[in-house]
Amino acid sequence: MIRSKIAGIGMYIPSHVVTNNDLLKYMDTSDEWIQERTGIKERRYAHRTEETTTTMGVEAAKIAIERAGLTPQEIDFIVFATICPDYYFPGCGVLLQRALKMKEIAALDVRNQCSGFVYAISVADQFIKTGMYKNILVVGAEKHSFGLDFSTRGRNVSVIFGDGAGAVVLQPTEKENQGILSTHLHSDGESAEILAMYNPGTHANHWKPEKYADFDDAEIGEMFFSHKMIDNAQVFPYMDGPAVFKKAIIKFPEVIMESLQANNLQTTDIKVLIPHQANLRISQFVQQKLKLRDDQVHNNIQKFGNTTAASIPIALCEAWEQGKIKDGDLVCLAAFGSGFTWASALLRW
Ligand SMILES: CC(C)(COP(=O)(O)OP(=O)(O)OC[C@H]1O[C@@H](n2cnc3c(N)ncnc32)[C@H](O)[C@@H]1OP(=O)(O)O)[C@@H](O)C(=O)NCCC(=O)NCCS
């Protein structure tokens, strides 16, 4: 039976450290509030002009490809997960293909927010299992710092997010005790607007009675982006934090248990759970609910904040580099985020 294994993994973290106290310059907040509610002490911001979502993805990819013993020219498919694309279109996948001088291979962008990396892994896994591709590069990268609301108005969102990238190379394996056992993907669009960035977009206030976009009263056009949207601060991410929290603490344990049950395994079999780094309080709640020991859960949100699609590959890479994951170990990846979408992947390293 063919499964996908992680043949190489890499991460890239920008060097610029932004502490909670650094944010006091821009907004009314405190180190105490941020640490108590989120667990975050500091995060990294990409260089304003020299680093983009794609360039960070490229750096993580180079390490993953080298660790897989490959060259970029041997990759046959790119799956790139992000919500901070360099361009509205085309996606980051083709920019990475160009930057790494790869062959004219397929490049797919995945837009599944915090679940983006697990969705991307699942997509890649299907292509490996069918035999269509043999060396797939899966990237999660985000440059959130380019467009958060750094005034007090946006503090509930902006203190949470950070920049960075992670990447893996998936390859086929026929070894009994290795590879992705299963992936589980879910969505519920009922609450799509409670964690979202509405503009720029084509919605024209169609979906909800709330006015998310003030556009100009023209016969055609003028709706995608307007001066009024900028003046009325409609160009930033929006989050109803408590509502996200409530749903996340239900769906995280559910999707982790789903992956274990699908493989007749128990929580005690998990060597390391890599939860999407949404909020340390969420991870702690999940750990408690599933009765996992501290050494079974890897968190690093304290240092990097929430890096959306990049958070799982960064945490996975860090855990592996620290020697917490060895051959044959059972690893569970689990994510929840905007959409809502949530997902898990269970694998033997
Ligand atoms: C965002 C989050 C940390 C807010 O914590 P909370 O305890 O729910 O706080 P609330 O939003 O109810 O706000 C409580 C108070 O803190 C204030 N506040 C919000 N952000 C603040 C900040 N950065 N600094 C100081 N005060 C802040 C609010 O204005 C509010 O003040 P009020 O009581 O005077 O109105 C929390 O809801 C959360 O983590 N939710 C999940 C978010 C998440 O994981 N997002 C990523 C999804 S993948």
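Residues numbered from 1 in each chain as written. Predicted model: local features only at pLDDT ≥ 70, side-chain atom pairs only at ≥ 80, totals over all residues. Heavy atoms only, no water.

A. Molecular detail of the packing of helix 3 (residues 53-67) against helix 4 (residues 92-99). Relative to each other, helix 3 and helix 4 sit at 55°, their axes nearing to 9 Å. Judged by the angle between their axes, helix 3 and helix 4 are oblique. Helix 3 and helix 4 meet at a crossing whose hand is right-handed. Taking contact as the criterion, the partners of Thr53, Thr54, Gly57, Val58 and Ala61 in helix 3 are, on helix 4, Cys92, Leu95, Leu96 and Ala99. Here the contact of helix 3 with helix 4 is built from residues that sort into six nonpolar, three polar and no charged. (Axes fitted to C-alpha atoms, helices over the stretch in contact; angles between N-to-C directions. Helix = DSSP H or I, 4+ residues; strand = E, 2+ residues; numbered from the N terminus. Parallel < 35°, antiparallel > 145°, perpendicular 65-115°, else oblique. Left-handed = near helix turned anticlockwise from the far one by under 90°. Contact = heavy atoms within 4.5 Å. Nonpolar A, V, L, I, M, F, W, Y, C, P; charged D, E, K, R; others polar.)

B. Summary view of the nonpolar core. Ranked by internal contacts, the top residues of the largest apolar core, which has 40 residues, are Ile136, Val138, Leu170, Ile274, Leu316 and Leu333. Among the elements that line this core, the one with the most residues is helix 5 (residues 116-129), at seven residues. The residues contacting Val138, other than those within four sequence positions of it, are Val79, Phe117, Ala120, Ile121, Ala124, Gly166, Ala167, Val168 and Leu170. If you look at the next biggest cluster of nonpolar residues, it comprises 39 residues, including Ala248, Leu280, Leu292 and Ile301. (Core = buried A, V, L, I, M, F, W, Y, C linked by side-chain atoms within 4.5 Å. Buried < 20%, exposed > 50% of the residue type's maximum accessible area, 1.4 Å probe, protein only.)

C. Expanded view of the pairing of strand 6 (residues 136-142). Burial of strand 6 is extensive: seven of the seven residues sit out of reach of the surface. Residues of strand 6 alternate between two faces, with Ile136, Val138, Gly140 and Glu142 on one and Leu137, Val139 and Ala141 on the opposite face, all of them buried. In the sheet, strand 6 pairs with strand 7 (residues 164-173) via seven bridges, with the strands oriented antiparallel. For Ala141, the partnering residue across the bridge sits in strand 7 and is Ala165. (Pairing = 2+ DSSP bridges.)

D. Seen up close, the packing of aromatic side chains. A complete count under the given rule lists 12 aromatic pairs for this structure. Summarising the aromatic geometry, the rings of Trp320 and Trp349 are spaced 6.4 Å apart at their centres and angled 35° between planes, so their arrangement reads as tilted. Separated by 29 residues along the polypeptide, Trp320 in helix 11 (residues 311-321) and Trp349 in the segment after strand 13 (341-348) bring together distant segments of the chain. The interplanar angle of 35° and the centroid separation of 6.1 Å between the aromatic rings of Phe336 and Trp342 together place this pair among those described as tilted. (Phe/Tyr/Trp six-rings, centres within 6.5 Å; stacked < 30°, edge-to-face > 60°.)

E. View of the environment of Glu59. One can find Glu59 in helix 3. Taking the C-alpha atoms as reference points, Glu59 and Arg153, 94 residues apart in sequence, are found 34 Å from one another. A polar atom in the side chain of Glu59 sits 3.3 Å from the side chain of Lys62. (Polar contact = N/O pair within 3.5 Å; in protein donor to acceptor, adjacent residues only side chain to side chain.)

F. Representation of unusual backbone geometry. For the peptide bond that leads from Phe89 to Pro90, omega is 0°, which places it in the cis range. By secondary structure assignment, the location of Pro90 is in the loop between strand 4 (77-81) and helix 4. Non-glycine residue Asn264 carries a positive phi angle of around 55°. Of note, Asn264 is situated in the loop between helix 8 (241-262) and strand 11 (272-275). Looking at Asn264, the relative accessible area reads 69%, which means it is exposed.

G. Looking closely at the sheet that holds strand 11. In space, the four strands of this open sheet follow the order 8-13-12-11, with mixed pairing throughout. Single-partner strands in this sheet number two, and they are strand 8 (179-187) and strand 11. Pairwise comparison of adjacent strand axes, ignoring direction, gives a mean angle of 10° for this sheet. The pairing of strand 11 with strand 12 (residues 330-337) spans four bridges and is parallel. Considered in strand 12, the bridge of Ile274 is made with Leu333. Packed on one face of the sheet, helix 5 meets strand 8, strand 12 and strand 13 and runs near 125° to strand 8.

H. Local environment of the site of the ligand. In the region of the ligand, 22 residues are neighbours, and Thr29, Arg37, Arg155, Gly241 and Asn279 sit closest. In the model, an oxygen atom of the ligand is placed 3.0 Å from a nitrogen or oxygen of the Arg155 side chain. In isolation the ligand offers 950 Å² of accessible surface; the protein chains occlude 71% of this area. Among the elements that take part in the shell around the ligand, helix 8 stands out by supplying four residues, more than any other. (Near = heavy atom within 4 Å. Areas by Shrake-Rupley, 256 points an atom, 1.4 Å probe, with all protein chains shown as cover.)

I. Representation of the pattern of salt bridges in the model. Summed over all chains, the structure comprises 12 salt bridges. A salt bridge links Lys251 to Glu254; the shortest N-O distance between them is 2.9 Å. Here Lys251 pairs with Glu254, and both are found in helix 8, just three residues apart, close to one helical turn. Lys303 is paired through a salt bridge with Glu318; the nearest N and O atoms lie 2.5 Å apart. Residue Lys303 is found in helix 10 (residues 301-304), and its partner Glu318 is found in helix 11; the two are separated by 15 residues along the sequence. Classification of Lys303 by relative accessible area gives partly exposed; the value is 35%. Exposure remark for Glu318: the relative accessible area of 6% places this residue in the buried category. (Salt bridge = Lys/Arg side-chain N within 4 Å of Asp/Glu carboxyl O.)

J. Seen up close, the side chain of Asp149. In this fold, Asp149 is placed in the loop between strand 6 and helix 6 (155-158). One polar contact links Asp149 to Arg153, side chain to side chain, over a distance of 2.7 Å. Reaching out from Asp149, the side chain makes a polar contact with the backbone nitrogen of Gly154 at a distance of 3.5 Å.

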